[in-house]
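# Chains, contacts and geometry: an overview
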Amino acid sequence: MSDTAPPNDNRYGQLLIALMQGVLYREQDTALWQALFELQARVKDHFRLIGLDLLLDEAEGYAYLRQRAPADGETALPRLIPRRQLSYPVSLILVLLRKKMTEFDNSGGETRLVLSREQIVEQVRLFLPDTANEARLLDRMETHLNKVVELGFLHRMRGQEHQFEVRRILKAFVDAQWLSDFQQRLADYGSHAAMLAGDDA
């Protein structure tokens, strides 16, 4: 494929803007996704100059930018992609969703994992302090789920407010290292919940 765009082709600029705005999904814009394959060398060179790497997963259908660590002796550039400090409940949701996605992929069924708010709440409830106030729990969970949506790991289904598609970019964020520590993470979360027990009683 050619990596040179004609002068009147604005796809290159569109690609740069789309990637700076967040994750580019094949399913959302097939034309722009095709342009990325044609222009990816230019796109990679552009972002490499400002300390960013283009990560493209053709099988899963997404591409995104990641801050590049400076090489030995290289002066570090200002950080463009901020580190996200995640709360305990949000981190827990991500770990449990990643486990659910692994089970889903191993089942060999559909390609899109869709979960209801109730399904997510039931998974998370096991690792949160017991509470008799169900309304308060759901309010808090809605706040946490909104944060996960904002981070781009969940997508609310159109016309179904309490149905969420788990975005496959989660596999890149919660990587093999997270999964290898999964049991320890859950044990830590369980201990954390035990220490907080009574706060919501």
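Up top is the structure these notes are about.
Computed from a predicted model, the values in this text were never measured in an experiment. (Residues numbered from 1 in each chain as written. Predicted model: local features only at pLDDT ≥ 70, side-chain atom pairs only at ≥ 80, totals over all residues. Heavy atoms only, no water.)

## Description of helix α4 (residues 117-125)
Selection criterion: Buried residues are those whose accessible area, probed at 1.4 Å on protein chains only, stays under 20% of the maximum for their type, while exposed residues exceed 50% and partly exposed ones sit between those limits. To qualify as a helix, a DSSP run of H or I must reach at least 4 residues; to qualify as a strand, a run of E must reach at least 2; elements of each kind are numbered from the N terminus. This arc is taken over the directions from the axis of the helix to the C-beta atoms.
Every buried residue of α4 is accounted for by Arg117, Ile120, Val121 and Val124. All buried residues of α4 project into a common sector of 100° when viewed along the axis, lining one side.

## Considering the pairing of strand β5 (residues 154-157)
Within a regular beta strand, the side chains point alternately toward one face of the sheet and then the other, so they alternate between its two faces. What counts here: Here a strand pair is declared whenever DSSP counts at least two bridges between the two strands.
Across four bridges, the pairing between β5 and strand β6 (residues 160-166) is antiparallel. Bridge pairing in β6 places leucine 154 opposite valine 166. Remark: two residues form the turn of the hairpin made by β5 and β6, two consecutive strands paired antiparallel; glycine 159 in that turn has positive phi of roughly 80°.

## A short note on the packing of helix α3 (residues 88-107) against α4
Threshold: Every angle, taken between N-to-C directions, lies between 0 and 180 degrees, and every axis is a line fitted to C-alpha atoms, over only the stretch in contact when it is a helix. When describing relative orientation, an angle under 35 degrees is termed roughly parallel and one over 145 degrees roughly antiparallel, while 65 to 115 degrees is termed roughly perpendicular and anything else oblique. Working rule for handedness: look at the near helix, and if it is turned counterclockwise from the far one by less than a right angle, call the crossing left-handed; if clockwise, right-handed. Every residue pair with non-hydrogen atoms within 4.5 Å of one another is taken to be in contact.
Interhelical geometry of α3 versus α4 gives an angle of 110° and a closest axis separation of 10 Å. On the basis of the axis angle, α3 is roughly perpendicular to α4. Viewed along their axes, α3 and α4 form a crossing whose handedness is right-handed. Where α3 approaches α4, its residues Leu92, Ile93, Leu96, Leu97 and Lys100 are matched on the opposing element by Ile120, Gln123 and Val124.

## Comments concerning the sheet that holds strand β4 (residues 114-116)
Pairing in this open sheet of three strands is antiparallel, and the strands run β4-β6-β5 from one edge to the other. Because the sheet does not close on itself, it has two edges, and the strands there are β4 and β5. This sheet shows a mean twist of 40° between the axes of neighbouring strands, independent of strand direction. α4 rests against β4, β5 and β6 of the sheet, and its axis sits at about 75° to β4.

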